[in-house]
Structure formats: structure tokens, C-alpha cells
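Each chain is listed here by its residues.
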Amino acid sequence: MEIIWITIIVLAACLIMGIPIAFSIGIATFTGLIVGGVPVELLGQGAFTALNNYVIMAVPLFILTGYLMETGGLSRRLINFARSLVGNITGGLAMVTILACGLFAAISGSSPATVAAIGTIMIPTMIKYGYSKGFAASSAATAGGLGIVIPPSITMIVYAVGANVSVADMFISGIMPGIFILICLCITVYLIAKKRGYTGVKEPLSIAKVFKTFWDAKWALLTPVIILGGIYSGVFTPTEAGVIAVVYGLIVGLFVYRELKWKDIPKVLIDAATTTGAVLIILSTATTFGHLLTLYQVPQMIADGLLSVSESPYIILLLIAGIMLILGTFMEALSLVIILIPILVPVAATLGIDPIHLGMIMIIGAEIGMMTPPVGVNLFVASGISGLSIERLTITMLPFLFTMILVYLVIIFFPTLTTGLVELLR
């Protein structure tokens, strides 16, 4: 245990000093290996093992798809469609932001990318129409978290690989929770907007306009249908779906919408490669960190500790949720999920908890972590767009955070929200 405590202290010190999470985990793991007298070659072997997986190839492909879609003008069309549906309601522009984030999440698979793509357009627009900066930025930062809940999600792919469950089942399990979160966030927005007098745009609901914007956005809206339909029907694997999504994004951006230019492609590839590099470094170091914890039997000790508290699955799930919420304030979502997979999956198996349900609980907990300082990446993106300080934005996020915690509890106690659709389609 002394070695583990030294490793955790080193990790905490690195994070406090502002060292990127991937390198912080790598340094902590290296320290744990050295102190424990374990060959440091384990760090390289762990990294290789983490990335030497056919399914992991889908990660860079979906990241590239997100950048292609963002550059190709799909986000603007999704916003126009959402605006035609709910723009005239009280708090309508904030609802447009939330709905557009949900639609874009079904394309990008990334929360920061969703906040950036939708927030860049909608935050200034909301401020222009009299919404406060805090409310505008909070709406985008919260709804952007749907990027890892609504499929295709990069975090879901990584969890599926680590927990040895079906990627397709994980994708399907995110649909109902994603819709539920969308509805609850829209209710929250309506109540706040009603109180503060934030009106919608002065345009009556027009079926003709809804159909027109839907038709204009049809190629964007078809993306998740093609990806999920192909995977679940068995036409192609998740990795092959990534390839198809990239090709589809290129064709739509270059030849259908014609907003993606050939000169844009090098920058898109560089941005996607940079993001992919960061994700894969996190994946490799966090996986090795998980191996180190397993080597020192930390998962077994934590499992015994949790089971000594209670053998009720719901009590254990509440404890797991508490762990996710606390650690989520300090760690990036992907790292957190990877590190906790070898610890929590065996506990869930002992109690008969469905690993799909556990996965969604972990992912939604990580999503909430993206809304909270000091490592809430969605906060930083929304802060950069709005010009609002992190401290001020954190305060304005509180109503949305309260809503997300209530949603979290509902999903914990009603597993059918996550597993029902999966069982229906099997």
C-alpha cells in the first residue's frame, strides 16, 4: 500500500502543477514501477497492449469524422433545424443550443468538440438576444457533455474494449439516457428563462420551415443512422463504421454542402491527428496505470471495501457514482473511465450488475466531471468562447449541475433506461 500511496501522491502533485493528465499518469506509473522494483518495461508493454486492438482503430476515425463534419458546415445546419423546432419557445435559443449539441454529439463522439462546434455559434447569438453570458455558456458547456453519452462515443468504445462488452450494445445503451438528459436540460432552461424573462426568437413555429431546415440538414442527420444502423444490423463493425463515417463526411462536405474545401483538408487532418495523439497517450498511460493497480491488488482491496459496506447493488452503485463525481473533478473523463474499469467491473460482476448499466453510470459520472473545476474541459472551452472567467462560469453552472445529478440518480435506480433498448433489439 505504501507504493500505491506514493504513486497517488505523485499523480496528485503532477496534476496540481498543471502537467497534462496523460503525462501525469505516465510519471505516476513510472514512479510506482521504480519504487516497487517492477521492470519499467511494463510501461511500454502496457501502452502497446492498450493500442494493439482492432476496435481502438475506430477512435481516430470518429475523431476525424467530427472535424470533417464541423468544417463541412454540418453544425450550422443542425442549429438551423433545432431553431425551427424550438426557437420560438421561452428560452428557445438555449433549447436550440441543447438540441443542436445532442444532434452534433451523434456525429462527433467528443464533448469538447461538441461544445466548440455549437457554442462558437450559439453563445454569441444568445448574448446578442439578451441572455446572460453565464447562462449562455452554461447551456453549451452542459449540453456538450452529451458528446460522450450519445453514440457514437469515443469513451464508450474504450469502455467496451476494457470491460469486454459489445461496442454496439454500449452505443444503443446511450440513446435513451441521452434523450432523457436532453429533456431534463430543456425543462431546466425553460424554468430559468421563465424566471429571468428570456424569450424566444419572434418567429412563429412554421411546419414549412421545419421541413425546409430538416431537408437542408438531412445529410448530417443521416450520419448516426448510417453508423448505428450498420453496426447493429451487422453490416459492418464499429471500426469499419469509422471508415465509412470518414468517407461519408468527406463526400458530404466536399460535394454536397461544398463548404469543405480541398485546402481545408490538411488542417482538418492535423487537428484530428493532434486530438488523436492526446487521446491515445491518455489511453496507453492510463491502461498501464490500471495494470499497476491490478499488480498490487488494489481492485480486490477496493472491491472488498465496497462489499463490506453493503451487498445491495443500488448502494454499491451510489458509492460508485460518488467516486465518479469526486474523481471526475480532478481527472479527464477518458482517463478516469480507463483507470476504474479494472476496479469497478469485477465488483459489478460479483453483485450481478449489468456491465452495460455500469458503463453508462461511469460515463455519465465522467460527463458531470466535465462540468466541474478544476479539470472540467467543457468549462474551459465555454469560458474561452464566452470570455467569462472559470470561477464565474462555475457559479452559473450550479442549476445545470443540480439537474444532472438528479438525472444521474434516476438512471442509477432505473437501469431499464440504459439496458431496455439493448434487450429489445437483441
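Further up the page is the structure itself.
Residues numbered from 1 in each chain as written. Predicted model: local features only at pLDDT ≥ 70, side-chain atom pairs only at ≥ 80, totals over all residues. Heavy atoms only, no water.

Student: I'm lost on the overall build of the protein chain in this one. Help?
Tutor: When its secondary structure is counted, the protein chain shows 23 helices and zero strands. Each principal axis of the C-alpha distribution contributes one length, and for the protein chain these read about 70 × 45 × 45 Å. Buried positions account for 54% of the 426 residues belonging to the protein chain. Across the protein chain, contacts joining residues at least 24 apart in sequence account for 78% of those joining residues at least 6 apart. In the structure as shown, the protein chain presents an accessible area of about 17,400 Å², 72% of it carried by carbon and sulfur atoms. Distance between charge centres in the protein chain, computed from 18 positive and 17 negative side chains, equals 23 Å. (Helix = DSSP H or I, 4+ residues; strand = E, 2+ residues; numbered from the N terminus. Buried < 20%, exposed > 50% of the residue type's maximum accessible area, 1.4 Å probe, protein only. Contact = heavy atoms within 4.5 Å. Areas by Shrake-Rupley, 256 points an atom, 1.4 Å probe, with all protein chains shown as cover. Lys, Arg positive; Asp, Glu negative; His and termini not counted. Charge placed at Lys NZ, Arg CZ, Asp CG, Glu CD.)

Student: Before we go on, may I ask you to explain the packing of aromatic side chains in this structure?
Tutor: When we look at a pair of aromatic rings, we describe it by the centre distance and by the angle of the planes. Under the counting rule described, the total for this entry stands at eight aromatic pairs. Residues Phe-81 and Phe-214 carry aromatic rings whose centres are separated by 5.7 Å and whose planes lie at 55° to one another, so their mutual orientation is tilted. With Phe-81 in helix H5 (residues 74-86) and Phe-214 in helix H12 (residues 207-216), this pair connects stretches of sequence that are 133 residues apart. Phe-81 gets classed as buried once you look at its relative accessible area, which sits at 12%. On the numbers, 6.2 Å between centres and 15° between planes, the contact of Phe-211 with Trp-215 is stacked. On the criterion of helical spacing, the pair formed by Phe-211 and Trp-215 is a turn pair, its members being four residues apart in helix H12. (Phe/Tyr/Trp six-rings, centres within 6.5 Å; stacked < 30°, edge-to-face > 60°.)

Student: How should I be thinking about the side chain of Thr-239 in this particular structure?
Tutor: Inspection of the secondary structure assignment puts Thr-239 in helix H14 (residues 238-256). Under the relative-accessibility criterion, Thr-239 is labelled buried at 3%. Not counting residues within four places of it along the chain, the set of residues in contact with Thr-239 comprises Tyr-54, Val-55, Met-57, Ala-58 and Leu-61.

Student: Got a minute to help me understand the environment of Ile-323 in this structure?
Tutor: Structurally, Ile-323 can be placed in helix H17 (residues 313-328). Ile-323 has contacts with Gly-328 and Leu-340, leaving out every residue within four places of it along the chain.

Student: Explain a nonpolar patch on the surface here, please?
Tutor: On the surface, Val-309, Tyr-314, Ile-315, Leu-318, Leu-319, Phe-402, Ile-405, Leu-406, Leu-409, Phe-413 and Phe-414 cluster together to form a nonpolar patch covering roughly 950 Å² of accessible area. Broken down by element, the nonpolar patch gets its largest block of residues, five residues, from helix H22 (residues 398-413). Take Ile-405: it is sitting in helix H22. (Patch = residues over 30% accessible without salt bridge, like charges linked within 9 Å, V, L, I, M, F, W, Y side chains within 5 Å. Salt bridge = Lys/Arg side-chain N within 4 Å of Asp/Glu carboxyl O.)

Student: Any chance you could explain the pattern of salt bridges here in plain terms?
Tutor: Opposite charge on two side chains permits them to pair, given that their charged atoms come into close proximity. For the structure shown, the criterion picks out four salt bridges. The partner of Asp-216 in a salt bridge is Arg-77, with the nearest N and O atoms 3.5 Å apart. Highlighted residues: Asp-216 in helix H12 and Arg-77 in helix H5, separated in sequence by 139 residues. Residue classification places Asp-216 among the partly exposed residues on the basis of a relative accessible area of 33%. Residue Arg-77 pairs with Glu-259 through a salt bridge whose shortest N-O separation is 2.9 Å. With Arg-77 in helix H5 and Glu-259 in the loop between H14 and helix H15 (265-295), this residue pair connects regions lying 182 residues apart in the sequence. With a relative accessible area of 9%, Arg-77 lands in the buried category. When salt bridges that share partners are traced, they join Arg-76, Arg-77, Asp-216 and Glu-259 into one network.

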